[in-house]
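Here are the chains, one letter per residue:
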Amino acid sequence: MMEIFSNLGLGFGVALSPMNVLYCFIGVALGTLIGVLPGIGPIATIAMLLPITFNLPPIAALIMLAGIYYGAQYGGSTSAILVNLPGESSSVVTCLDGYQMARQGRAGPALGIAALGSFFAGTVSTLLIALFAPPLAEIAFKFGPAEYFSLMVLGLVAAVVLAQGSLLKSICMVILGLLWGLVGTDVSSGTQRFTFGYSELSDGIGFVGIAMGLFGFSEIISNLEMGQNREVFTSKVGRLLPSLDDFKASWKPVLRGTGLGSFLGILPGGGALLSSFTSYMVEKKLAKDPSRFGKGAIEGVAGPESANNAGAQTSFIPLLTLGIPSNPVMALMIGAMTIQGIAPGPQVMTERPQLFWGMIASMWVGNLLLVVMNLPMIGLWIKLLTVPYRMLFPSILLFCCIGVYSLSSLPFDVYMTAAFGVIGYIFIKLGCEPAPLILGFILGPVMEENLRRAMLLSRGDPSTFFTRPISLGLLIASAIMLLLMAAPVLRKKRQEAFQE
Amino acid sequence: MTRFVRVLSILLGAGGVFALSGPLFAQAYPAKPVRLVVPYAAGGFSDVLARALAQKMTEGLGQQVVVENRPGASTIIGADAVAKSPPDGYTLFFSTGTALNINQHLFSKLPYNPEKDFVPVGKVAVLPYVLLAHPAVPANSFKDLIAYAKANPGKLNFATPGNGTAPHLAIKILEQAAGVSFESIHYKGNAPATVDLLAGQVHLLFDGLVVPEPHIKSGKLKALAVASLKRFPSQPNIPAIAESYPGFDASTWYCVMAPAGTSKEIVSRINAEIQKYLNDPGNKERMLAQGAILEGGTPEQLAAYLKSETERWGTVIKKAGIKLD
């Protein structure tokens with residue numbers, strides 16, 4: 001235990017040197033900026049800055065790049081809450097209640113609780129990394145293809161529970177999401193599916209385009225419909241910071257979200273994303289009045305926001321302990337490390353303790369800087385909503401298009417986003433929720449890929465899913481959730497039967 | 001503080017690049033920024049290498065060399081974009097063998113012609129694969145492994161970063177050369193494959209040296225062989241597969257190409273800039289630490305190499321019966 005403190009002491013000594021604080025600040029400020037601008041993600045930014053880091057000392061370079069990463073996570077929530085545009089995949093859930101809060105003039109408390117919840121989650125998960133990084137990394141090893149498949153099944157069942165309205169509609173949306181997820185090259189056979197000869201589709205439909213189209217563009221279209229009388233959320237800006245009641249409602253979701261995020265973030269491949277969805281679902285299940293969700297429940301912002309920030313931090317664990325990137329941003333971090341002559345991997349902790357602990361300490365410093373920087377900015381962000389509609393929304397559209405185009409320099413992606421905007425508008429008219437669709441879209445391909453991998457490894461024996469304990473546990477959990485969901489429906493049916 | 005000022009000026013410069021392309025007059029090449037198209041996503045090794053090269057070329061050419069990632073469709077999107085660009089020296093292609101001598105054998109129809117749409121400029125680097133095994137695999141040398149695979153056909157699971165990728169094809173040549181068969185398990189890239197290899201879910205993997213190296217040191221992975229013709233300079237104890245099967249060679253290699261029709265002067269100018277990057281001993285060392293060997297040559301040497309590689313992979317792919325449409 002004492003060793004941990006001396007290690008953290010060493011780390012803070014490094015992280016708090018004025019130069020490193022400055023680089024940390026540049027990183028989180030830049031990250032927040034690109035996070036707020038919809039579509040311009042941390043990957044492109046870090047890639048562009050990579051050559052610059054050749055000239056920096058290794059620790060400063062890594063601190064700055066890490067700052068961009070979690071700064072962007074943070075900024076992504078801001079645009080999700082204010083204009084319903086998920087800047088990052090993990091902020092899709094934040095749109096659900098965050099944007100509704102903003103419409104009710106409660107953008108301030110939503111932004112505030114997102115900031116404070118994220119900070120708390122960041123603090124806890126930084127501590128977790130410091131205390132348990134190596135044993136936690138072992139968890140990733142316990143998850144083979146069979147376990148991933150079962151985890152995705154659980155996720156999909158959760159997607160249905162997520163939905164607000166009709167069960168039938170949400171199941172349809174999940175299935176539509178699964179189908180869209182099939183587009184592209186099949187991982188196992190290498191065959192192109194549903195690409196209709198467009199090589200732009202051969203890697204699948206881009207997530208950013210789909211999320212931006214379904215959430216952001218469609219919202220803008222449906223606002224156009226209202227003409228001059230469009231609602232103005234600014235008429236009642238309300239308070240800037242969460243009230244005591246808000247805190248009372250939020251502290252438990254924040255705790256639960258932090259726990260979920262810290263755990264799921266460790267799993268490579270979409271852990272952070274899954275954690276925000278799971279947290280939302282858990283909060284909705286535990287709430288006394290689940291019908292408030294999707295209509296501006298602060299718990300629906302507090303939980304997922306804490307979860308995705310905790311997940312973002314713990315996704316550094318595979319990088320720091322195994323040298324294996326869990327997402328493209330981490331791959332870039334590895335690039336930055338190796339260019340500096342540091343081989344990422346378990347030996348970094350023992351061979352370069354200053355770097356290792358300095359980076360961990362800087363995560364906390366970065367989170368602190370984000371809160372300090374963003375709480376006073378909330379007032380400014382809300383002012384953004386007072387910009388007249390005819391000026392605000394065209395500029396949002398423009399930024400979206402630039403962002404989508406910048407992902408892989410393809411005009412095709414911009415057209416596709418526009419098409420999804422129209423589809424999203426139709427969904428609004430039909431009363432179909434896009435959130436289950438997005439979850440199906442993301443989880444479906446992962447589920448299929450791992451199903452086939454698991455079956456190949458077991459040489460075609462499906463019992464592999466039931467004989468591996470973690471996989472079995474996850475499947476049982478999904479079955480229980482399905483039953484719980486079906487129970488009220490069954491009861492209702494029975495009541496109806498009795499009434500007749 | 002000077003370092004900080006430098007960083008800041010580059011940050012601002014990155015934005016300025018786009019503002020520079022105005023009307024052009026007959027000026028000495030290069031009169032405007034040059035784009036170097038990378039057919040892979042940012043973050044991979046090819047991207048890192050391309051950016052390091054672009055930075056050095058920027059110094060030499062006196063114009064920004066901007067890396068443009070055009071990922072997707074196993075390099076087809078990036079290659080096609082370059083093939084349809086004007087041959088004026090302002091668009092260059094940072095290519096791997098996939099775009100130039102593998103895709104035409106895997107896909108029945110390509111939007112570009114790998115042999116006619118480009119002219120070779122120069123080779124840049126080679127990233128040889130290392131044959132990695134989980135410690136539980138009952139083989140402590142490459143020869144043991146082949147013997148075990150012969151005795152237990154189809155029992156070993158070989159992870160790949162995708163169907164039809166260069167490491168997957170390397171498995172196929174190994175199968176063909178040694179007369180063994182493995183079960184190929186495909187992943188989306190080498191990162192998830194490495195996690196499953198470390199966990200023992202799969203048995204074998206071909207990967208560059210940089211990620212697995214610390215795990216080899218700590219005994220969590222066994223490095224049985226390298227797939228280059230010669231042993232790796234920094235790992236003289238790992239034998240080359242070619243020592244058992246002469247001529248065995250599988251690696252990812254990187255070169256710069258230009259659209260067909262680019263003038264000889266421009267090609268040799270760019271080739272000279274590449275040599276400047278390759279001759280810097282610091283770069284050599286840095287890339288070696290990443291598991292890559294910097295390796296240059298004239299455009300003519302590259303042309304000859306491309307020709308022989310195209311033939312070689314054609315034979316391998318035909319024999320393995322891989323098709324990706």
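Residues numbered from 1 in each chain as written. Chains lettered and ligands numbered in written order. Predicted model: local features only at pLDDT ≥ 70, side-chain atom pairs only at ≥ 80, totals over all residues.

1. Digging into the overall build of chain A
Phase 1 of the analysis: What chain A contains, in helices and strands, is 22 helices and two strands.
Phase 2 of the analysis: Per-residue burial for chain A yields a buried fraction of 56% across its 500 residues.
Phase 3 of the analysis: In chain A, 79% of the contacts between residues at least 6 apart in sequence involve partners at least 24 apart. (Helix = DSSP H or I, 4+ residues; strand = E, 2+ residues; numbered from the N terminus. Buried ≥ 20, exposed ≤ 12 C-beta atoms within 10 Å, placed from the backbone. Contact = placed C-beta atoms within 7 Å.)

2. A look at the overall build of chain B
Phase 1 of the analysis: Within chain B, the secondary structure is distributed over 11 helices and 11 strands.
Phase 2 of the analysis: Taking 20 Å as the expected radius of gyration for a compact globule of 325 residues, we find that chain B reaches 21 Å, a close match to that expectation.
Phase 3 of the analysis: If one aligns the C-alpha atoms of chain B with their principal axes, the spans along those axes are about 70 × 50 × 30 Å.
Phase 4 of the analysis: Intrachain contacts of chain B at a sequence separation of at least 6 include 74% that bridge at least 24 residues. (Rg over C-alpha atoms; globule rule 2.2 N^0.38 Å.)

3. Details of the environment of Pro469(A)
Phase 1 of the analysis: The topology assignment puts Pro469(A) in helix α22 (residues 469–499).
Phase 2 of the analysis: Judged by the 10 C-beta atoms lying within 10 Å of it, Pro469(A) falls in the exposed class.

4. Thoughts on helix α4 (residues 97–106) of chain B
Because each turn of an α-helix spans 3.6 residues, side chains separated by three or four positions end up pointing in the same direction.
Residue and element names in this part refer to chain B.
Phase 1 of the analysis: Burial analysis of α4 places nine of its 10 residues in the buried class, which makes it a mostly covered element.
Phase 2 of the analysis: Every buried residue of α4 is accounted for by Gly97, Thr98, Ala99, Leu100, Asn101, Ile102, Asn103, His105 and Leu106.
Phase 3 of the analysis: Along its buried surface, α4 packs onto α3 (76–83), β3 (91–96), α6 (166–178), β10 (251–259) and α11 (299–320).

5. What to know about the environment of Ile76(B)
Phase 1 of the analysis: Inspection of the secondary structure puts Ile76(B) in helix α3.
Phase 2 of the analysis: Residue Ile76(B) is classed as buried on the basis of its 21 C-beta neighbours within 10 Å.
Phase 3 of the analysis: Note: C-alpha distance between Ile76(B) and Pro114(B) (38 residues apart in sequence) is 10.0 Å.
Phase 4 of the analysis: Ignoring anything within four residues of it in the chain, the contact list for Ile76(B) reads Ser199(A), Asn103(B), Leu110(B) and Pro111(B).

6. Section: the pairing of strand β9 (residues 222–226) of chain B
Looking down a regular strand, the side chains alternate between one sheet face and the other.
Residue and element names in this part refer to chain B.
Phase 1 of the analysis: Counting buried positions along β9 gives five out of five residues, so the element sits mostly inside the fold.
Phase 2 of the analysis: Alignment of strand β5 (residues 130–133) against β9, held across four bridges, turns out to be antiparallel. Paired with Val130 across the strands is Val226, a residue of β9. (Pairing = 2+ DSSP bridges.)

7. Brief notes about the interface of chain B and chain A
Phase 1 of the analysis: At the interface, 49 residues of chain B touch 45 residues of chain A.
Phase 2 of the analysis: Put simply, the parts of the chain that give the side of chain B that touches chain A at least two residues each are α1 (2–16), α2 (45–61), β2 (65–69), α3, β7 (183–186), α7 (190–199), α8 (213–217) and α10 (281–289) of chain B.
Phase 3 of the analysis: Here the side of chain B that touches chain A gets seven residues from one element, more than from any other, and that element is α7(B).
Phase 4 of the analysis: Of the residues contributing to the side of chain B that touches chain A, the split by class is 22 nonpolar, 15 polar and 12 charged. (Nonpolar A, V, L, I, M, F, W, Y, C, P; charged D, E, K, R; others polar.)

8. Focus: the sheet that holds strand β11 (residues 293–294) of chain B
Residues and elements named next belong to chain B.
Phase 1 of the analysis: Sheet architecture is open: six strands sit in the order β2-β1-β3-β10-β4-β11, paired in mixed fashion. The open sheet has two edge strands, β2 and β11, and neither has a second partner.
Phase 2 of the analysis: With three bridges connecting them, strand β1 (residues 34–38) and β3 associate as parallel partners. In the strand pairing of β3, Val37 is matched with Phe93.
Phase 3 of the analysis: Along the sheet, α2 contacts β1, β2, β3, β4 (118–128) and β10; its crossing angle with β2, the most-contacted strand, is approximately 160 degrees. (Axes fitted to C-alpha atoms, helices over the stretch in contact; angles between N-to-C directions.)

9. Overview of the pairing of β1(B)
Residues and elements named next belong to chain B.
Phase 1 of the analysis: Judged by how many residues are buried, β1 sits mostly within the fold: five of five residues are covered.
Phase 2 of the analysis: Neither face of β1 is exposed, since Val34, Leu36 and Val38 on one face and Arg35 and Val37 on the opposite face are all buried.
Phase 3 of the analysis: Alignment of β1 against β2, held across five bridges, turns out to be parallel. Along β2, the bridge assignment pairs Val38 with Asn69.

10. Observations concerning the packing of α4(B) against α11(B)
Packed helix pairs are characterised by how far apart their axes lie and by the angle those axes make with each other.
Residue and element names in this part refer to chain B.
Phase 1 of the analysis: It is the contact of α4 with α11, at a shortest axis distance of 9 Å, that shows an interaxial angle of 35 degrees. Crossing of α4 over α11 shows right-handed handedness. Taken together, the residues of α11 that come into contact with α4 (itself represented by Gly97, Leu100, Asn101, Ile102, His105 and Leu106) are Leu306, Glu309, Thr310, Trp313, Gly314 and Ile317.
Phase 2 of the analysis: Taken together, the residues that form the contact of α4 with α11 break down as six nonpolar, five polar and one charged. (Left-handed = near helix turned anticlockwise from the far one by under 90°.)

11. Concerning helix α18 (residues 389–408) of chain A
Phase 1 of the analysis: If you check α18(A), its first and last C-alpha atoms are 30 Å apart, about what 20 residues at 1.5 Å a residue would give, namely 28 Å.
Phase 2 of the analysis: In this structure, the buried side of α18(A) is in contact with α4 (58–83), α9 (207–224) and α19 (411–430) of chain A together with β2 of chain B.
Phase 3 of the analysis: One or two positions beyond α18(A), positive phi appears at Ser409(A), with a value near 50 degrees. (Expected span 1.5 Å × (residues − 1).)

12. Thoughts on the confidence of the model for chain B
Residues and elements named next belong to chain B.
Phase 1 of the analysis: Per-residue pLDDT for chain B averages 87, and the proportion of residues at 70 or more is 91%.
Phase 2 of the analysis: Low confidence marks residues 9–26, where pLDDT is under 50. Its contacts with residues over four positions away, or in another chain, come to 11 contacts.
Phase 3 of the analysis: Across the predicted assembly, pTM comes out at 0.81 and ipTM at 0.78. (pLDDT = per-residue confidence, 0-100.)

13. Remarks on unusual backbone geometry
Outside of glycine, negative phi angles account for most residues, and trans bonds account for most peptide bonds.
Phase 1 of the analysis: Residues Tyr29(B) and Pro30(B) are joined by a peptide bond in cis, for which omega reads -10 degrees.
Phase 2 of the analysis: With respect to the helices, strands and loops of the structure, Pro30(B) is situated in the loop between α1 and β1.
Phase 3 of the analysis: Phi is positive for Arg459(A), close to 55 degrees, though the residue is something other than glycine.
Phase 4 of the analysis: As for its position among the elements, Arg459(A) is in the loop between α20 (434–457) and α21 (464–467).
Phase 5 of the analysis: Classification of Arg459(A) by C-beta neighbours within 10 Å gives exposed; the count is 11.
Phase 6 of the analysis: Notably, Ser74(B) is not glycine yet its phi reads approximately 40 degrees, a positive angle.

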